[in-house]
Structures are given as structure tokens and as C-alpha cells.
Amino acid sequence: MRTVLKVVDNSGAKKVMCIQAVKGKKGARLGDTIVASVKEAYPNGKVKKGKVVHGVVVRAAMQRGRCDGSEVKFDDNAVVLVDKQGQPIGTRVFGPVPHELRKKKHVKILSLAKHIA
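Treat the numbers as computed from the prediction; the structure is a model and nothing was measured.

Draft legend 1. Molecular detail of the environment of Phe74. Residue position: Phe74 is located in the loop between β6 (71–72) and β7 (78–82). For the pair Phe74 and Gln63, spaced eleven residues apart in sequence, the C-alpha separation works out to 7.6 Å. Once you skip the residues sitting within four places of it in the chain, Phe74 turns out to touch Leu30, Val58, Arg59, Ala60, Ala61, Pro96, Pro98 and Ala117.

Draft legend 2. Structural view of the layout of surface pockets. Roughly 240 Å³ of internal volume is contained in the largest pocket. In this structure, the largest pocket is lined by 16 residues; those nearest its centre are Ala28, Arg29, Val57, Ala60 and Asn77. By volume, the second largest pocket amounts to about 160 Å³. Lining the second largest pocket we find Val22, Lys23, Lys25, Gly31, Asp32, Thr33, Lys104 and His106.

Draft legend 3. Expanded view of the side chain of Arg59. Tracing the backbone shows Arg59 in strand β4 (residues 52–59). The exposure class of Arg59 is buried, given its relative accessible area of 6%. One polar contact links Arg59 to Asp76, side chain to side chain, over a distance of 3.1 Å. At 3.2 Å, the side chain of Arg59 forms a polar contact with the backbone oxygen of Pro96. Once residues lying within four places of it in the same chain are set aside, the contact partners of Arg59 are Lys6, Val8, Leu30, Phe74, Asp76, Asn77, Ala78, Phe94, Gly95 and Pro96.

Draft legend 4. Broad picture of the side chain of Ser37. Among the secondary structure elements, Ser37 is positioned in strand β3 (residues 33–41). If sequence neighbours within four positions are ignored, Ser37 has contacts with Lys15, Val16, Met17, Ile19, Gly50 and Lys51.

Draft legend 5. Region of interest: the nonpolar core. Grouped together as the largest cluster of nonpolar side chains are 17 residues, with contacts concentrated most on Leu5, Val7, Ala13, Val16, Ile34, Val79 and Leu81. Residue assignment for this core shows that the elements contributing at least two residues are β1 (4–7), β2 (13–21), β3, β4 and β7. Within the second largest apolar cluster, twelve residues are counted, among which are Val80, Val97, Leu101 and Leu110.

Draft legend 6. Structural view of the pairing of strand β8 (residues 93–97). Note: β8 against strand β9 (residues 113–116), three bridges, orientation parallel. Of the residues in β9, the one forming a bridge with Val93 is Ala113. What joins β8 to β9 is helix α1 (residues 107–112), and the crossover it makes is right-handed.

Draft legend 7. Region of interest: the pattern of salt bridges. Under the definition given, this model contains four salt bridges. Residue Glu100 pairs with Arg66 through a salt bridge whose shortest N-O separation is 2.7 Å. A residue pair is termed long-range when its members are at least 10 positions apart, and Glu100 in the loop between β8 and α1 and Arg66 in the loop between β5 (64–65) and β6 qualify at 34 residues. Residue classification places Glu100 among the buried residues on the basis of a relative accessible area of 6%. Given a relative accessible area of 23%, Arg66 falls into the partly exposed group.

What counts, and at which threshold
Residues numbered from 1 in each chain as written. Predicted model: local features only at pLDDT ≥ 70, side-chain atom pairs only at ≥ 80, totals over all residues. Heavy atoms only, no water. Helix = DSSP H or I, 4+ residues; strand = E, 2+ residues; numbered from the N terminus. Contact = heavy atoms within 4.5 Å. 1 Å grid on protein atoms, 1.4 Å probe; cavity = no way out; pocket = protein on both sides within 12 Å on 5 of 7 lines; lining within 4 Å. Points joined across faces, edges and corners; volume = space filled by probe spheres on them. Buried < 20%, exposed > 50% of the residue type's maximum accessible area, 1.4 Å probe, protein only. Polar contact = N/O pair within 3.5 Å; in protein donor to acceptor, adjacent residues only side chain to side chain. Core = buried A, V, L, I, M, F, W, Y, C linked by side-chain atoms within 4.5 Å. Pairing = 2+ DSSP bridges. Right-handed = clockwise from strand over helix to strand, strands pointing away. Salt bridge = Lys/Arg side-chain N within 4 Å of Asp/Glu carboxyl O.

In C-alpha cells, the structure reads:
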């Protein structure tokens, strides 16, 4: 994997590097859970550099088709850090989040987000 993703919550991490997708696929798409390593972190955050964390992909540069025929695509690859039960570590989510997360049972992330795309 080795993809560097931006962290878009206030958990304390800035960037993480993907280790693997949890669902044994070769890659992770919108709404998928990944295992990642923290590469950059703020000095007094909840997570520290080098820690192995779980995260949910909330923005992906690869386009994804929707039911109505349109396609959603973002400028960057972004992730929200979660614990093993799937609850977000941070208390805020920055930037747009796609509504496809509702189908993947990440309703808590949607409720924290300001803008739903």
C-alpha cells in the first residue's frame, strides 16, 4: 500500500501511511477501513508519531460511481482515525465527506462532519 493520507480530524495526527486494507482487498476505496502508521503528528495530540491506528477513508482521488449515474471524486486522499470498534478518535471532522459512508455504517463520522458531499 504505502499511500500517504491526510488526517482530517482533530485526533492529533497530520499524515498517516496506509499499511493494509482491513477487508483483504488489494486497495481501499471510499468508506473502507484501513490500518495505518502515523507519520506526522501534532506535539500534544491524542495519537503520537509511530503509532499504528485504524482509519476510515473519507476522501479519495479515485472516482467512484453513484447510483444516479454521477461520479464523486476528490482532490486528495483523506482519512478519519477510528478505534477498533469504529468510533472516531477525534471530535471534529474537517472538509467535505461523501454520503456513501452511511451505507458503510459510519454514521458517527457523518454526524461530526460539517459538509456532506
